[in-house]
Amino acid sequence: MATDSWALAVDEQEAAAESVSAVVKTNANEEKTDEEEKEDRAAQSLLNKLIRSNLVDNTNQVEVLQRDPNSPLYSVKSFEELRLKPQLLQGVYAMGFNRPSKIQENALPLMLAEPSQNLIAQSQSGTGKTAAFVLAMLSQVEPANRYPQCLCLSPTYELALQTGKVIEQMGKFYPELKLAYAVRGNKLERGQKISEQIVIGTPGTVLDWCSKLKFIDPKKIKVFVLDEADVMIATQGHQDQSIRIQRMLPRNCQMLLFSATFEDSVWKFAQKVVPDPNIIKLKREEETLDTIKQYYVLCSNRDEKFQALCNLYGAITIAQAMIFCHTRKTASWLAAELSKEGHQVALLSGEMMVEQRAAVIERFRKGKEKVLVTTNVCARGIDVEQVSVVINFDLPVDKDGNPDNETYLHRIGRTGRFGKRGLAVNMVDSKHSMSILSRIQEHFNKKIERLDTDDLDEIEKIAN
Ligand SMILES: Nc1ncnc2c1ncn2[C@@H]1O[C@H](COP(=O)(O)OP(=O)(O)OP(=O)(O)O)[C@@H](O)[C@H]1O
């Protein structure tokens, strides 16, 4: 154990603490993990929405499986071709959209077809799913009718608000159109009926409003949207509630389900809530290590790692860099030490509120800081395109201490589109982390070269 790294020791301490509480409260702990996972994914999703300034392009193939082979699906190249109502077209252009995104050009003709079609659609975050289903809802709603006709489920209050904003923006040329939020804390008087035409909310409250409290007549719903299905199913409760809501809707109600990822569990859930679906899948772009120069630096402890990082600092700050640590504690420590050395660094940490995190990322994106210190959990799913240097202050490992190859690839890989050159430096400070590095190297079959940070010529070499 003496040769093991500090990070490992921290890991072990944390794991030990976790197992103690697990023994004390097994069931509660399981629920908490579930809840934490949901919060983590929901926060991530919200963060992406807050920091996203435009559409994420995707050059990969779209897979379309149509329910009715006799109605060929052709994708549209312009919003005009969709024959949207004039107010909606106005709304779309007012938002600055010139043409449909890939998922929109495939999904919209299907969602707007007569008779109505059900759809399960998967496409990575930021590709225009929200705008797609908002257009579908707004196309079907009849503003003159003062009762809920479209129902949209979101995993959290904050995500519901974000979708609500899109509905408001896109529907702004329909002055009579109103939106209600079915979220905890939004209390209505008993016996009241909702007059808003679109209701967006979280499953628990929507279920109460449809059944117990009868604020909504589910039989009048024409379009049912289940957004962020992958985030939604991270909580068992949400799945059951969504299914119960779906069962109350009329048979001819259009059911639409959207998800950024499509693991088996999402697929199973999707099939339960969307009968006879058409399916559209847009694959995520593959990341590769082909254009990345990978190095490792051999150290014997955390202080040496810090020293090596300081030696490298001039070279890495030619571009923007992200430094990954295993724990929040290390990240905070490192950011503080770098600041003491006079370096301007930003810290992105799990303790921060989502809004604070979004602000940190925004500043970094604008180049206000050149170095961002963070942990993996925090940075998962965040694409900061201009980052070309990644330092693994701690190598990515899974819960069992094995190499986490997927995270390694995600941290330093590049998609075809951003195929610029990049640099990755891995800090190794024990036999254990050396063995992790070897396994990562073997897994990707890509050589990771040794770098001596005391050798100025070598540092010069990597900087160019
Ligand atoms: N056709 C378009 N043209 C230009 N911008 C668009 C278009 N459609 C959507 N956008 C913009 O692109 C960004 C991402 O879109 P959107 O939020 O709909 O993606 P999403 O796939 O729903 O993401 P998530 O999975 O995070 O919910 C938003 O800022 C949105 O305003």
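Residues numbered from 1 in each chain as written. Predicted model: local features only at pLDDT ≥ 70, side-chain atom pairs only at ≥ 80, totals over all residues. Heavy atoms only, no water.

- Looking at an unreviewed UniProt entry, the protein carries the name RNA helicase, with the source organism given as Cavia porcellus.
- Reading the Catalytic activity (unreviewed entry) entry of the UniProt record for the protein gives the comment "ATP + H2O = ADP + phosphate + H(+)". (UniProt positions renumbered as here; feature names shortened; annotations may be inferred.)

**With respect to the site of the ligand**
Next, step 1: Taken together, 19 residues form the shell around the ligand, and within it Lys-49, Gln-104, Gly-126, Lys-129 and Thr-130 come nearest.
Next, step 2: Between the ligand and Ser-125 there is a distance of 3.0 Å, counted from an oxygen atom to a side-chain nitrogen or oxygen.
Next, step 3: The separation between an oxygen atom of the ligand and a polar side-chain atom of Lys-129 is 2.7 Å.
Next, step 4: Expressed as a share of its isolated accessible area of 630 Å², the protein-covered part of the ligand is 85%. (Near = heavy atom within 4 Å. Polar contact = N/O pair within 3.5 Å; in protein donor to acceptor, adjacent residues only side chain to side chain. Areas by Shrake-Rupley, 256 points an atom, 1.4 Å probe, with all protein chains shown as cover.)

**With respect to the packing of aromatic side chains**
Next, step 1: A full pass over the atoms with the stated rule returns 7 aromatic pairs.
Next, step 2: With a centroid separation of 6.4 Å and 85° between ring planes, the pair formed by Phe-79 and Tyr-93 is classed as edge-to-face. Placement of the pair is Phe-79 in the loop between strand 1 (62–65) and helix 3 (86–94) and Tyr-93 in helix 3, with a sequence separation of 14 residues.
Next, step 3: An aromatic cluster is present here, built from Phe-306, Trp-333 and Phe-393 joined pairwise through their rings.
Next, step 4: Directly above the ring of Trp-333 sits Arg-302, whose terminal nitrogen or CZ lies 3.6 Å from the centroid. (Phe/Tyr/Trp six-rings, centres within 6.5 Å; stacked < 30°, edge-to-face > 60°. Helix = DSSP H or I, 4+ residues; strand = E, 2+ residues; numbered from the N terminus. Lys NZ or Arg CZ within 6 Å of the ring centre and 35° of its normal.)

**Side note on a negative patch on the surface**
Next, step 1: Taken together, the side chains of Asp-303, Glu-304, Asp-452 and Asp-454 define an acidic patch exposed on the protein surface.
Next, step 2: Within the fold, Asp-303 resides in helix 11 (residues 302–316). (Patch = residues over 30% accessible without salt bridge, like charges linked within 9 Å, V, L, I, M, F, W, Y side chains within 5 Å. Salt bridge = Lys/Arg side-chain N within 4 Å of Asp/Glu carboxyl O. Lys, Arg positive; Asp, Glu negative; His and termini not counted. Charge placed at Lys NZ, Arg CZ, Asp CG, Glu CD.)

**A short note on the UniProt feature "domain: DEAD-box RNA helicase Q" (unreviewed entry) in the protein**
Next, step 1: In the numbering adopted here, UniProt assigns the feature "domain: DEAD-box RNA helicase Q" (unreviewed entry) to residues 77–105.
Next, step 2: The span residues 77–105 is 45% helical and 0% strand by assignment, and the distance between its end C-alpha atoms comes to 6 Å.

**Digging into the sheet that holds strand 1**
Next, step 1: Pairing is mixed across the open sheet formed by 8 strands, whose spatial order is 1-8-2-7-6-3-5-4. Bordering the open sheet on either side are strand 1 and strand 4 (179–182), each of which pairs with just one other strand. Sheet twist, expressed as the average angle between the axes of neighbouring strands with direction ignored, equals 15°.
Next, step 2: Its contacts with the sheet place helix 6 (residues 157–170) against strand 3 (150–153), strand 4 and strand 5 (198–201), and it is angled at close to 175° to strand 4. (Pairing = 2+ DSSP bridges. Axes fitted to C-alpha atoms, helices over the stretch in contact; angles between N-to-C directions. Contact = heavy atoms within 4.5 Å.)

**Regarding the sheet that holds strand 11 (residues 320–325)**
In any sheet, the strands associate via hydrogen bonds between backbone groups, in a parallel or an antiparallel arrangement.
Next, step 1: The strand order across the open sheet built from 7 strands is 12-13-11-14-16-10-17, with neighbouring strands paired in parallel fashion. Two strands bound the open sheet, and with one partner strand each, they are strand 12 (345–348) and strand 17 (449–450).
Next, step 2: With 5 bridges connecting them, strand 11 and strand 13 (residues 371–375) associate as parallel partners. Its bridge partner being in strand 13, Cys-325 is matched across the sheet by Thr-375.
Next, step 3: Packed on one face of the sheet, helix 13 (residues 354–365) meets strand 11, strand 12, strand 13 and strand 14 (387–392) and runs near 150° to strand 12.
Next, step 4: Packed onto the sheet, helix 15 (residues 405–412) meets strand 10 (292–298), strand 11, strand 14 and strand 16 (422–428) and runs at close to 145° relative to strand 14.

**Focus: the pairing of strand 12**
Next, step 1: Here strand 12 pairs with strand 13 via 4 bridges, running parallel. When the sheet's bridge partners are listed, Val-345 is paired in strand 13 with Val-371.
Next, step 2: You can see the chain leave strand 12, run along helix 13 and come back into strand 13, and the turn it takes is right-handed. (Right-handed = clockwise from strand over helix to strand, strands pointing away.)

**Some details on unusual backbone geometry**
Next, step 1: The omega torsion across Glu-114 and Pro-115 is -10°, close enough to zero to call that bond cis.
Next, step 2: Positionally, Pro-115 belongs in the loop between helix 4 (102–111) and strand 2 (118–122).
Next, step 3: Backbone geometry places Lys-214, a non-glycine residue, at a positive phi of 55°.
Next, step 4: Phi at Asp-276 takes a positive value of approximately 40°, unusual for a residue other than glycine.
Next, step 5: Residue position: Asp-276 is located in the loop between helix 10 (264–273) and strand 8 (277–282).

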